[in-house]
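Chain residues, written in single-letter form:
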Amino acid sequence: QFHADSVVAPMPFHRTRWRCWDVLLLVVVASSVADENPANASDEGPAPVKDLQTCLNISRQSQGIKLRLLMRDWPSHRLITHLAAILLKDVMKFDVEIVPAPEEWATADDYQHLASGEVDANLEIWPRGKEAKYSEFVDGGEAIDVGIHQIQSRVGMFVPSYVGEAGSFYSFYQLGGESAQSLFSQASVPLGECSVDPWNMSGAEDSKCSNVWRPSYCADRRCDIQLLKAHRMYDAGLLEQQIRNNGLNISVVYTSDTVVEEAVWHAFAKKEPVLFYTWTPREPYGDVSWDRLSPVTFPPTSSECLTSNDHTPSGGVNCDLGSTTLSKVVSPALSSPGAEDALHFAQSFSLSEEDYAWLFKMWELAAEHRNPEWLTACLFARELEERWKPWVKYSKRVDLTLEDPCFSVVWVQAAALAVMLAFLVIERCSKPKRVTKALIQAQLLGGTRKISMPSAGEMSRVRRRGSCSSVGEETKRERAGANKDCEPVLESSPSVSSLWGTTSRMVRRSTENIVLSVLDKHFKSDSTRVQAAILNHDLYFMSHKRTLENFASQHDDPDLTEPPTCPVPMRSLLATKLDLLHYLVHSTLKDVFFLSIVLGLVGGIWGTVAHMLGSNYEVNVEADPLALEEWNSFIKSVTSITSSFTYLPVFLLGFFLNREAGRWVEYVNLAYSVCGRVQDLALILAGAVQGLSVPQFCALLGL
């Protein structure tokens with residue numbers, strides 16, 4: 001439940017006015033957090049906090065460093081400590097523990113506890129009156145001052161702003177007359193409370209338990225003015241020194257926060273004067289904000305005056321405490337290796353006056369929650385991300401490890417790639433050799449392969465326009481006694497290969513023969529016939545004798561005998577689409593299929609590794625921002641090369657054209673070489689005889 005008057009009360013904060021959606025956002029944040037142990041809720045203040053709830057779900061690796069944040073029990077300190085704990089724990093991934101200050105720890109002793117390492121950070125220290133401790137444990141000790149907040153602070157005596165004249169300060173001299181005794185005695189309380197003076201600052205006997213401190217000279221004077229002070233071990237003895245050393249007839253009543261808050265609120269409601277101890281910035285007294293309070297000023301501040309404070313009423317402070325900034329001090333542990341991010345946060349973490357006002361306003365609205373400080377800090381972290389982003393830094397580098405789940409995908413792909421590469425190597429090595437090489441091996445190893453060379457009689461037979469048909473047809477013709485120019489090369493299956501090579505060839509041959517048989521049956525092509533003959537080892541030598549008459553005959557001579565035509569195991573002329581289909585099926589389709597699998601596995605491995613590297617660079621973007629930029633630039637270049645038609649396809653086409661052009665140039669060179677050898681032979685033959693005319697030369701040869 002929210003009070004309407006607290007919602008519309010004017011307060012300086014980030015926006016010019018309070019909006020309803022801010023309240024709704026607070027309700028949403030509160031409803032998103034389930035109380036783990038509602039029965040543990042207490043009105044006595046927050047219990048010691050060790051395991052904080054998660055406010056911001058950010059996935060990062062833990063820093064592995066534990067930080068202990070000291071938390072005092074006034075609201076601003078609790079709010080700031082919870083806000084720092086959320087950012088350190090949820091964003092920067094430190095192990096954070098909030099340590100509530102024990103009752104016996106005076107605020108001036110925080111420097112000592114930080115220097116000794118009992119706690120690691122106090123992010124809101126009110127330094128006024130603690131100059132000697134600061135000099136001992138910070139200037140001359142190991143505690144580290146990490147900067148200030150962007151707001152002025154002040155502690156001491158305060159009165160309502162309507163008590164003094166508008167536009168002027170309220171001087172301690174105005175508390176010295178008889179009129180002030182009667183005026184400020186209107187808002188007095190009868191007695192202090194025993195439980196708030198453990199140091200017995202009042203000097204009262206335990207049996208009386210009045211807990212009211214009076215200067216010694218008040219025995220002869222009227223000291224009806226009461227200074228209400230809720231004792232929390234704050235600025236012990238400091239106000240008492242100002243009263244005694246300036247001869248003010250003021251009594252100090254040590255009471256509780258509730259009594260002081262009620263007295264201040266009723267005084268404002270009645271427009272009555274009231275003198276009380278407080279500080280700014282602070283949470284409002286009900287609807288009374290700190291900008292409606294006026295400090296009681298004393299003589300100007302000096303370092304000699306402030307250093308005379310001994311934290312008891314007998315000290316020498318008689319000057320004004322003045323305004324100062326709120327400081328932050330950390331232990332030497334934050335300067336150790338590995339804690340650089342925590343030190344950066346402590347140095348950058350700085351709240352302004354608007355931030356304080358925003359936190360106090362939201363804290364009032366979240367008062368019904370079990371832990372209003374955590375809820376307010378969480379809302380600040382969620383709503384004002386741009387405000388705290390410069391404070392945080394996560395420079396812990398996360399390296400790729402074998403525990404990354406993506407590595408399992410890489411291993412599977414690598415194993416499949418290794419199997420495919422092994423298969424291709426074995427398949428390539430076990431491929432049938434050229435026919436002549438296989439036949440020579442068969443002869444040397446005593447196998448069943450034989451070369452049956454044509455006989456002299458068969459060499460003399462000339463076949464008119466004959467051709468070698470398919471294996472089955474040719475066998476039939478041989479049995480019929482026809483086409484004797486064709487003689488089989490291999491008579492039986494090979495027996496010189498290894499068991500693995502024989503088995504792989506059998507499997508390969510059976511698969512390819514099925515495809516080739518279908519093609520040869522329905523789509524006749526020389527390419528199919530040649531490949532089928534090579535796979536089945538059914539090759540034939542062709543014999544043809546060129547007689548002188550046949551050699552010298554004209555092309556239109558009816559007695560001209562042409563050599564028999566037969567497909568040769570070279571690249572055939574791909575003149576039709578069927579020829580191209582045959583060539584693709586029996587020459588490249590299988591290789592393209594297996595090569596596509598290999599390239600797909602290589603691409604899969606590269607893509608997985610690239611994903612892991614990119615994700616790792618994104619995780620380490622704060623530790624190394626340039627690495628992510630360079631990686632993205634590299635990926636963009638690779639993508640452009642592989643996807644744009646400007647680069648890779650042009651390169652492949654150029655490579656292919658260069659290879660094909662080189663092959664045909666080699667053919668031309670070989671043709672020129674043959675032509676040269678023929679001309680050499682002609683010159684040799686012509687040079688064997690000299691001085692003969694053509695008729696004489698023909699007669700010499702018997703022509």
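Rules used throughout
- Residues numbered from 1 in each chain as written.
- Predicted model: local features only at pLDDT ≥ 70, side-chain atom pairs only at ≥ 80, totals over all residues.
- Heavy atoms only, no water.
- Disulfide = S-S within 2.5 Å.
- Buried < 20%, exposed > 50% of the residue type's maximum accessible area, 1.4 Å probe, protein only.
- Core = buried A, V, L, I, M, F, W, Y, C linked by side-chain atoms within 4.5 Å.
- Helix = DSSP H or I, 4+ residues; strand = E, 2+ residues; numbered from the N terminus.
- Axes fitted to C-alpha atoms, helices over the stretch in contact; angles between N-to-C directions.
- Parallel < 35°, antiparallel > 145°, perpendicular 65-115°, else oblique.
- Left-handed = near helix turned anticlockwise from the far one by under 90°.
- Contact = heavy atoms within 4.5 Å.
- Nonpolar A, V, L, I, M, F, W, Y, C, P; charged D, E, K, R; others polar.
- Salt bridge = Lys/Arg side-chain N within 4 Å of Asp/Glu carboxyl O.
- Patch = residues over 30% accessible without salt bridge, like charges linked within 9 Å, V, L, I, M, F, W, Y side chains within 5 Å.
- Areas by Shrake-Rupley, 256 points an atom, 1.4 Å probe, with all protein chains shown as cover.
- Phe/Tyr/Trp six-rings, centres within 6.5 Å; stacked < 30°, edge-to-face > 60°.
- 1 Å grid on protein atoms, 1.4 Å probe; cavity = no way out; pocket = protein on both sides within 12 Å on 5 of 7 lines; lining within 4 Å.
- Points joined across faces, edges and corners; volume = space filled by probe spheres on them.
- Pairing = 2+ DSSP bridges.

Draft legend 1. Highlighting the state of the cysteines. Using the criterion set out here, one finds three disulfides in the structure. Between the sulfur atoms of Cys-218 and its disulfide partner Cys-223 the distance amounts to 1.9 Å. Judged by the torsion about the S-S bond (-85 degrees), the Cys-218/Cys-223 disulfide is left-handed. Classification of Cys-223 by relative accessible area gives buried; the value is 9%.

Draft legend 2. Up close: the nonpolar core. Counting residues in hydrophobic clusters, the biggest one holds 86 residues, and the most contacted among them are Leu-275 and Phe-345. Here the element with the most residues in this core is helix α3 (residues 75–91); it accounts for nine residues. By size, the runner-up hydrophobic cluster in this structure holds 15 residues, among which are Val-212, Leu-228, Val-260 and Ala-267.

Draft legend 3. The arrangement of unusual backbone geometry in detail. The linkage connecting Thr-280 with the following residue, Pro-281, adopts the cis geometry, with an omega of 5 degrees. Counting through the fold element by element, Pro-281 comes out in the loop between β9 (275–280) and β10 (293–297). The backbone of Lys-271 shows a phi angle near 60 degrees, a positive value even though the residue is not glycine. Relative to the helices and strands, Lys-271 is located in the loop between α8 (257–270) and β9. Residue class for Lys-271 comes out exposed when judged on its relative accessible area of 55%.

Draft legend 4. Quick look at the packing of helix α11 (residues 353–365) against helix α12 (residues 372–383). Close contact between α11 and α12 brings their axes to 9 Å; oriented N to C, the two are set at 130 degrees. When the axis of α11 is compared with that of α12, the two are oblique. Judged by the sense of rotation from one axis to the other, the crossing of α11 with α12 is right-handed. Mapping the contact onto sequence places Asp-355, Trp-358, Leu-359, Met-362 and Trp-363 in α11 and Pro-372, Glu-373, Thr-376, Leu-379, Phe-380 and Glu-383 in α12. Considering only residue class, the contact of α11 with α12 consists of seven nonpolar, one polar and three charged.

Draft legend 5. Local environment of the pattern of salt bridges. Applying the stated criterion across every chain yields a total of 14 salt bridges. Ionic pairing is found between Arg-282 and Glu-283, a salt bridge with its closest N-O pair at 2.5 Å. Each member of the pair Arg-282 and Glu-283 is classed as buried. Where Glu-364 meets Lys-361, a salt bridge forms, and the shortest distance between an N and an O atom there is 3.9 Å. Residue Glu-364 and its partner Lys-361 are both found in helix α11; the two are separated by three residues, about one turn of the helix. For Glu-364, a relative accessible area of 23% corresponds to the partly exposed category. Overall, Lys-361 belongs to the buried group, its relative accessible area being 3%. By sharing partners, the salt bridges in this structure join Lys-66, Arg-68 and Glu-97 into a single network.

Draft legend 6. Spatial organisation of a nonpolar patch on the surface. A cluster of nonpolar side chains, namely Trp-664, Tyr-667 and Leu-670, defines an oily patch on the protein surface of about 320 Å² accessible area. The residue Tyr-667 is located in helix α23 (residues 648–688) in this model.

Draft legend 7. Structural view of the packing of α3 against α12. It is the contact of α3 with α12, at a shortest axis distance of 8 Å, that shows an interaxial angle of 55 degrees. Classified by the interaxial angle, the pair formed by α3 and α12 is oblique. Handedness of the α3/α12 crossing: right-handed. Within the contact between the two elements, α3 uses Arg-78, Leu-79, His-82, Leu-83, Ile-86 and Leu-87 and α12 uses Glu-373, Trp-374, Thr-376, Ala-377, Cys-378, Phe-380 and Ala-381. For the contact of α3 with α12, the per-class residue count stands at nine nonpolar, two polar and two charged.

Draft legend 8. Molecular detail of the packing of aromatic side chains. Scanning the model with the defined rule gives 20 aromatic pairs in all. With a centroid separation of 5.2 Å and an interplanar angle of 45 degrees, the aromatic rings of Phe-423 and Phe-594 are classed as tilted. Note that Phe-423 is positioned in helix α14 (residues 405–429) and Phe-594 in helix α21 (residues 577–619), a separation of 171 residues in sequence. Residue Phe-423 is classed as partly exposed on the basis of its relative accessible area of 37%.

Draft legend 9. Structural view of empty space enclosed by the protein. Under the criterion given, the structure shown has five cavities of 30 Å³ or more. Estimated volume of the largest cavity: approximately 140 Å³. Of all elements in the fold, only β3 (121–125) and β9 reach the threshold of two or more residues within the lining of the largest cavity. Among the elements that make up the lining of the largest cavity, the one with the highest residue count is β3 (three residues). Across the lining of the largest cavity, the residue classes tally to seven nonpolar, three polar and five charged.

Draft legend 10. Structural detail: the pairing of β9. Among the six residues of β9, six are classified as buried, and the element is accordingly described as predominantly covered. Covered by surrounding structure in β9 are Leu-275, Tyr-277 and Trp-279 together with Phe-276, Thr-278 and Thr-280, the residues of both alternating faces. In this sheet, β9 lies alongside strand β7 (residues 225–230) in parallel orientation, the contact comprising two bridges. The partner of Leu-227 across the bridge, within β9, is Leu-275.

Draft legend 11. Main features of helix α7 (residues 238–245). In terms of burial, α7 is a largely internal element, six of the eight residues being buried. Within α7, burial applies to Leu-238, Leu-239, Glu-240, Gln-241, Gln-242 and Ile-243. On its buried side, α7 packs onto β4 (144–160), β6 (212–213), β7, β8 (250–255) and β9.

Draft legend 12. Looking closely at the environment of Trp-290. Counting through the fold element by element, Trp-290 comes out in the loop between β9 and β10. What makes Trp-290 buried here is its relative accessible area of 15%. Spatially, the C-alpha atoms of Trp-290 and Thr-280 are 6.3 Å apart, while their sequence positions differ by 10 residues.

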